[in-house]
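Notes for the structure review
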Amino acid sequence: MSQNPVIKVGIVGFGRSGCCIHADAIAQMRDRFQVVAICDPLPERRNHPEFPVARPYENIDALLADSEVELVVVAPPNYLHAQYAIRALEAGKHVLCEKPFGYTTLDVDAMIAAAERAGKILQPFQQRRYEEDFGKVLEVCRSGVLGRITFIRHSLCGFGRRWDWQTTRQFGGGQLYNNLPHHLDHAVALFGDAEPEVWCRFDNALSSGDAEDQVRVLLSGPNAPLIEVSVELEHRFAG
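Residues numbered from 1 in each chain as written. Predicted model: local features only at pLDDT ≥ 70, side-chain atom pairs only at ≥ 80, totals over all residues. Heavy atoms only, no water.

What about the overall build of the protein chain?
For clarity, the cut-off: Helix and strand definitions here come from DSSP, where helices need a minimum of 4 consecutive H or I residues and strands a minimum of 2 consecutive E residues; each element is numbered from the N-terminal end. Every radius of gyration here is taken over C-alpha atoms, with the globule rule written as 2.2 Å times N^0.38, N being the number of residues. Each residue is placed in one exposure class: buried if its accessible area under a 1.4 Å probe, protein chains only, is under 20% of its type's maximum, exposed if it is over 50%, and partly exposed if it falls in between. In what follows, a contact means two residues having at least one pair of non-hydrogen atoms within 4.5 Å. Here the open area of atoms and residues is found with the Shrake-Rupley method and a 1.4 Å probe, where only the protein chains shown may cover a residue. We treat Lys and Arg as the positive residues and Asp and Glu as the negative residues; His and chain ends play no part in the count. For charged residues, the charge sits on one atom: NZ in Lys, CZ in Arg, CG in Asp, CD in Glu.
Helix and strand content of the protein chain: seven helices and ten strands. Here the C-alpha radius of gyration of the protein chain, 19 Å, is about what a compact globule of 239 residues would show, namely 18 Å. C-alpha extents for the protein chain along the principal axes are approximately 55 × 40 × 35 Å. Expressed as a percentage of the 239 residues in the protein chain, the buried residues total 45%. If you take every contact in the protein chain between residues at least 6 apart in sequence, the share linking residues at least 24 apart comes to 65%. When the accessible area of the protein chain is evaluated, it comes to approximately 12800 Å², of which 53% is carbon and sulfur surface. Of the side chains in the protein chain, 24 bear a positive and 31 a negative charge, and the two mean positions are spaced by 2 Å.

With respect to the layout of surface pockets
Just so we agree on the cut-off: Throughout, the protein atoms alone are placed on a 1 Å grid, and a set of points is a cavity if a 1.4 Å probe fits but cannot get out or a pocket if it is open with protein on both sides within 12 Å along at least five of seven lines; lining residues have an atom within 4 Å of a point. Grid points are joined across faces, edges and corners, and a volume is the space filled by probe spheres set on the points. Residues are sorted three ways: Asp, Glu, Lys and Arg are charged, Ala, Val, Leu, Ile, Met, Phe, Trp, Tyr, Cys and Pro are nonpolar, and all the rest, Gly among them, are polar.
The volume enclosed by the largest pocket comes to roughly 790 Å³. Lining the largest pocket are 25 residues, with F101, G102, Q126, P181 and L184 sitting closest to its centre. Elements that contribute at least two residues to the lining of the largest pocket include exactly α4 (105–118), α6 (175–178), α7 (180–191), β8 (197–203) and β9 (214–220). Here the lining of the largest pocket gets five residues from one element, more than from any other, and that element is α7. Looking at the lining of the largest pocket residue by residue, the classes come out as 17 nonpolar, four polar and four charged.

Things to note about the packing of helix α3 (residues 81–90) against α4
Heads up, the condition is: Note on geometry: axes are lines fitted to C-alpha atoms, helical ones only across the stretch in contact, with angles between N-to-C directions running from 0 to 180 degrees. Between 65 and 115 degrees an angle is taken as roughly perpendicular, under 35 as roughly parallel, over 145 as roughly antiparallel, and anywhere else as oblique.
The contact between α3 and α4 brings their axes to 9 Å, and the two run at 10 degrees. On the basis of the axis angle, α3 is roughly parallel to α4. Listed contacts from α4 to A82, A85, I86, L89 and E90 of α3 are D107, A110, M111, A114, A115, R117 and A118. For the contact of α3 with α4, a count of residues per class yields nine nonpolar, no polar and three charged.

Some words on the sheet that holds strand β5 (residues 94–97)
Rules: At least two bridges found by DSSP between two strands is the condition for calling them paired.
Spatially, β3-β2-β1-β4-β5-β6 is the arrangement adopted by the six strands of the open sheet, whose pairing is parallel. Each edge of the open sheet carries a strand with a single partner, namely β3 (55–57) and β6 (122–124). Here the average twist between neighbouring strands, direction ignored, is 25 degrees. Here four bridges tie strand β1 (residues 7–12) to strand β4 (residues 71–74), and the two strands are oriented parallel to one another. By the bridge assignment, V9 is partnered in β4 with L71.

A few points about the side chain of Q175
The cut-off we apply is this: Pairs of N or O atoms within 3.5 Å make up the polar contacts considered here, provided that, within protein, one atom can donate a hydrogen while the other can accept it, and that residues adjacent in sequence are counted only when both atoms are side-chain atoms.
Summarising the element assignment, Q175 is placed in helix α6. A polar side-chain atom of Q175 sits 2.6 Å from a polar atom in the side chain of N179.

Focus on the pairing of β1
Quick note on the threshold: Orient the strands so they point away from the viewer, and a crossover whose first-strand-to-second-strand path over the helix runs clockwise is right-handed.
The element β1 is extensively covered by neighbouring structure, given that six of its six residues are classed as buried. Bridge count between β1 and strand β2 (residues 33–39): six bridges; the pairing is parallel. Paired with K8 across the two strands is Q34, which belongs to β2. Considered for its hand, the β-α-β crossover made up of β1, helix α1 (residues 16–26) and β2 is right-handed.

Points about the state of the cysteines
Any covalent bond linking the sulfur atoms of two cysteines counts as a disulfide. Where we set the bar: To count as a disulfide, a pair of cysteine sulfur atoms needs to be within 2.5 Å.
Applying the stated criterion to the full structure yields zero disulfides. Considering cysteine sulfurs only, C19 is the nearest to C20, which forms no disulfide, with 4.3 Å between them. Free of any disulfide, C200 has its nearest neighbouring cysteine sulfur in C157, separated by 15 Å. Using a relative accessible area of 35% as the deciding quantity, one classes C200 as partly exposed.

Such coordinate-based values are descriptive only and should not be taken to indicate function.
See below:
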């Protein structure tokens, strides 16, 4: 990063995540971050009221050519995450990548390798790891006050239809990539340091597309609790 304590940020993808999560959060941390560039294919989504002088760009190449941008927030549709993160790293930018952090281990390995070659920071966006209520649950489970924990169930359920790209496999939609990463991250922390055996089932019960809207995962292993993670959810908003 530069010697300037305010890190200059470019956001790629300015839908619900890029705008309402990342830019809104950065607006509360002006002493540390400033959004100087916004990239989105839709002209009406290349601005933010808290950063009126942020430069609008139609494509990622234009944003990556902006020499003032130090940190790129990668928040386009899911299927673009890995390739955009790698391109940003190769352009000499630090990267904060929205989940999913790549589709496959090959994606993630390629992203990490690109960061190492560039000597830049690459960080997955897993903000829910730091939630106070989860922190307390983790503290209690690790304290031993409950004795040996044999089973943990972690559920997220809801109802409502959505009709956007996040219901389609073509664009990387579905609950496996949209909501499960947060809850699986919690589950892995609760499971412990061992490598779990994993069982998973997908289903499409309600969504308008072909991607799964129900996911159930079991983590199991010796000397560890059996953990069930279930996500059965369709949001009411488009993103």
